[in-house]
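Commentary on secondary and tertiary structure
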Amino acid sequence: RPFLISRLKSNSVLICSLSTQRDHEFQNNDEHFVSYSLEKPLVVSDQVLKRRIRSRRKKLSAFSPVTSLSVPVTAPGFGSPMSVDDMTRSLYDFDDPLWELIRRECMVGSANDPQLASFLYASVLNHSTLEDALAVTLSYHVQSDYFLALQWIDLFLEAFDDEESMRVSIRNDMIAAMRRDPASTHPAAVLLFNKGFQALESYRLANWLWRNGRRSLALYMQSMISAEFGVDIHPAAVIGSGVLIDHATGIVIGETARVGDDVSILHNVTLGGTGKDSGDRHPKIERGVLIGAGVTVLGNIVVGECARIVPGSVVLKPVPPFRVVGGVPAKILGRAQIQFNSGFPSEEMQHGLDADQLEPSEATVSQSELFDGTGI
């Protein structure tokens, strides 16, 4: 009988007995199936925590029994990956296909590695919605001795209940990772292990707190996100939906920065100011932009829609839409070529400077477009 032990404070321990039972195991058409059932967990804690848990029991599905289901085990880890298009076609009967796929992958993962079963049940399979699972997962990352995971869970669920746009952004961000990052083939792995996704969704709570006047708590959460994930996003910054933060380490986004929908940002990117200027002083990144690793964009400038910034560049002046820029300081190198049926440079994730990645008519640009060689 595996146990999940979470230390909530120095003198109090919450122990959830998962009582995982392998009900039956059978072979069918060369596929290995495993079925699990879960008893109602037992909670052992002090009286204060017992009362809190009972009051949240109805809302927090983490303390509800899970129905039994069977899934095919056809590959190691979380099983065979399923593309977003295949997920949409095969799971269209479910209200939330993405959440159903995550649950199925976690069932396969628990069968393939029983030592991980307790973690997967506590994080995913004991929950009825993606919002519940995400709230629990993120809360245990940002908890501290002074602010318990249960307090963060309350805040996450309150924010998710308050704004439908947050619930939509969660799914769009996860799908963005699945489509654009070849290492993120399983949404379950994105939810549980992808620190770029986790930092972004944690920021969304900090931003919600900031907009609702709870600025001290928002700044405290910013510091916890920075310490845990190595990502520093001011809670007042505005970030759209369907955003990919790949690898995430070293990301800095300033207070008045704005990032549009469907943007891809790699590690060690700074969207910062240029000095002590107050007011609106940070970059504005429009829809579909691809920002390569190690890029620095400084000042209140606009990076136009579907632009692409080559890794390692320093951008100091506005970037026109659909342009490829690079260098220190950055200069226009050509026009971003959009592949058929793709959409945005942020979806193609092409970082090189091959000739076939630029429009032929823009391969050689005029000195006026280069701002007389002074860069942009």
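What this report covers is the structure whose coordinates are included nearby. (Residues numbered from 1 in each chain as written. Predicted model: local features only at pLDDT ≥ 70, side-chain atom pairs only at ≥ 80, totals over all residues. Heavy atoms only, no water.)

Looking now at the overall build of the protein chain. Of regular secondary structure, the protein chain possesses eleven helices and 21 strands. On the protein chain, roughly 16900 Å² of surface is accessible, and the fraction owed to carbon and sulfur atoms is 51%. (Helix = DSSP H or I, 4+ residues; strand = E, 2+ residues; numbered from the N terminus. Areas by Shrake-Rupley, 256 points an atom, 1.4 Å probe, with all protein chains shown as cover.)

As paired elements, strand β20 (residues 323–326) and strand β21 (residues 331–335) share four bridges and run antiparallel to each other. Considered in β21, the bridge of glycine 326 is made with lysine 331. Hairpin connection from β20 to β21: four residues lie between these consecutive antiparallel strands, with glycine 327 at a positive phi of about 110°. (Pairing = 2+ DSSP bridges.)

Looking now at the nonpolar core. Counting 89 residues, the largest nonpolar core has Ile102, Cys106, Trp152, Leu191, Leu205 and Ile291 as its most contacted members. Examining the composition of this core, we find that nine residues originate from one element, helix α9 (residues 195–211), more than from any other. Setting aside residues up to four positions removed in sequence, leucine 191 forms contacts with Ile102, Val124, Leu130, Ala133, Leu134, Thr137, Met174, Phe197 and Gln198. (Core = buried A, V, L, I, M, F, W, Y, C linked by side-chain atoms within 4.5 Å. Buried < 20%, exposed > 50% of the residue type's maximum accessible area, 1.4 Å probe, protein only. Contact = heavy atoms within 4.5 Å.)

With that out of the way, let us pick up the sheet that holds strand β9 (residues 244–245). Taken together, the six strands give an open sheet; going across it, the order is β9-β12-β15-β18-β20-β21, and neighbouring strands pair in mixed fashion. Two strands in the sheet have a free side with no partner beyond their single neighbour: β9 and β21. Here strand β15 (residues 290–291) pairs with strand β18 (residues 308–309) via two bridges, running parallel. Of the residues in β18, the one forming a bridge with leucine 290 is arginine 308.

What follows deals with the packing of aromatic side chains. Under the counting rule described, the total for this entry stands at six aromatic pairs. Seen from their ring centres, phenylalanine 156 and phenylalanine 160 are 6.0 Å apart, and the 35° between their planes marks the pair as tilted. With phenylalanine 156 and phenylalanine 160 both in helix α6 (residues 149–162), this residue pair falls four residues apart, about one helical turn. Each member of the pair phenylalanine 156 and phenylalanine 160 is classed as buried. Members of the aromatic cluster, connected to one another through ring pairs, are Phe78, Phe119 and Phe193. (Phe/Tyr/Trp six-rings, centres within 6.5 Å; stacked < 30°, edge-to-face > 60°.)

Our next topic: α9. Here α9 is 17 residues long and its end C-alpha atoms lie 24 Å apart, about the 24 Å a rise of 1.5 Å per residue gives. Among the 17 residues that make up α9, 15 are buried, leaving the element largely enclosed by the rest of the structure. Looking at where α9 begins, the residue whose side-chain oxygen comes 3.0 Å from the main-chain nitrogen of glycine 196 is asparagine 194. (Expected span 1.5 Å × (residues − 1). Polar contact = N/O pair within 3.5 Å; in protein donor to acceptor, adjacent residues only side chain to side chain.)

Moving on: the environment of glycine 254. Tracing the backbone shows glycine 254 in the loop between β10 (251–253) and β11 (258–259). In the structure, glycine 254 is positioned 27 residues away from arginine 281 in sequence and 8.6 Å away in space, judged by C-alpha atoms. Among all residues touching glycine 254, those that are not within four sequence positions of it are His234, Ala237, Leu271 and His282.

The next thing to look at is empty space enclosed by the protein. If you walk through the whole model with that rule in mind, you get two cavities of 30 Å³ or more. Considered as a void within the structure, the largest cavity measures approximately 40 Å³ in volume. Around the largest cavity sit Asp173, Ala177, Asn194, Gly196, Phe197, Leu200, Val243, Leu244 and Ile245, which together line it. Of all the secondary structure elements, the ones that give two or more residues to the lining of the largest cavity are α7 (164–180), α9 and β9. (1 Å grid on protein atoms, 1.4 Å probe; cavity = no way out; pocket = protein on both sides within 12 Å on 5 of 7 lines; lining within 4 Å. Points joined across faces, edges and corners; volume = space filled by probe spheres on them.)

Spatially, the four strands line up as an open sheet ordered β8-β11-β14-β17, and their pairing is parallel. A strand with exactly one partner marks an edge of an open sheet, and here the two such strands are β8 (238–239) and β17 (302–303).

Residue position: asparagine 207 is located in helix α9. Residue classification places asparagine 207 among the buried residues on the basis of a relative accessible area of 12%. A polar atom in the side chain of asparagine 207 sits 2.8 Å from the backbone oxygen of proline 235. Once residues lying within four places of it in the same chain are set aside, the contact partners of asparagine 207 are Pro235, Ala236 and Ala237.

Let us now look at the packing of α9 against helix α10 (residues 215–229). At their nearest, the axes of α9 and α10 sit 8 Å apart, and the two run at 170° to each other. Considered as vectors, α9 and α10 are oriented roughly antiparallel to each other. Seen from α9, the contacting residues are Lys195, Gln198, Ala199, Ser202, Tyr203, Leu205, Ala206, Leu209 and Trp210; seen from α10, they are Arg215, Leu217, Ala218, Leu219, Met221, Ile225 and Phe229. Among the residues forming the contact of α9 with α10, the class breakdown is twelve nonpolar, two polar and two charged. (Axes fitted to C-alpha atoms, helices over the stretch in contact; angles between N-to-C directions. Parallel < 35°, antiparallel > 145°, perpendicular 65-115°, else oblique. Nonpolar A, V, L, I, M, F, W, Y, C, P; charged D, E, K, R; others polar.)

Another point: the pattern of salt bridges. Opposite charge on two side chains permits pairing when their charged atoms draw close. Taken as a whole, this structure holds twelve salt bridges when the rule is applied. We note a salt bridge from aspartate 86 to arginine 89, for which the minimum N-O separation is 2.3 Å. Here aspartate 86 pairs with arginine 89, and both are found in helix α2 (residues 84–90), just three residues apart, close to one helical turn. The exposure class assigned to arginine 89 is exposed, which follows from its relative accessible area of 56%. The shortest N-O distance in the salt bridge between aspartate 96 and arginine 171 comes to 2.6 Å. (Salt bridge = Lys/Arg side-chain N within 4 Å of Asp/Glu carboxyl O.)

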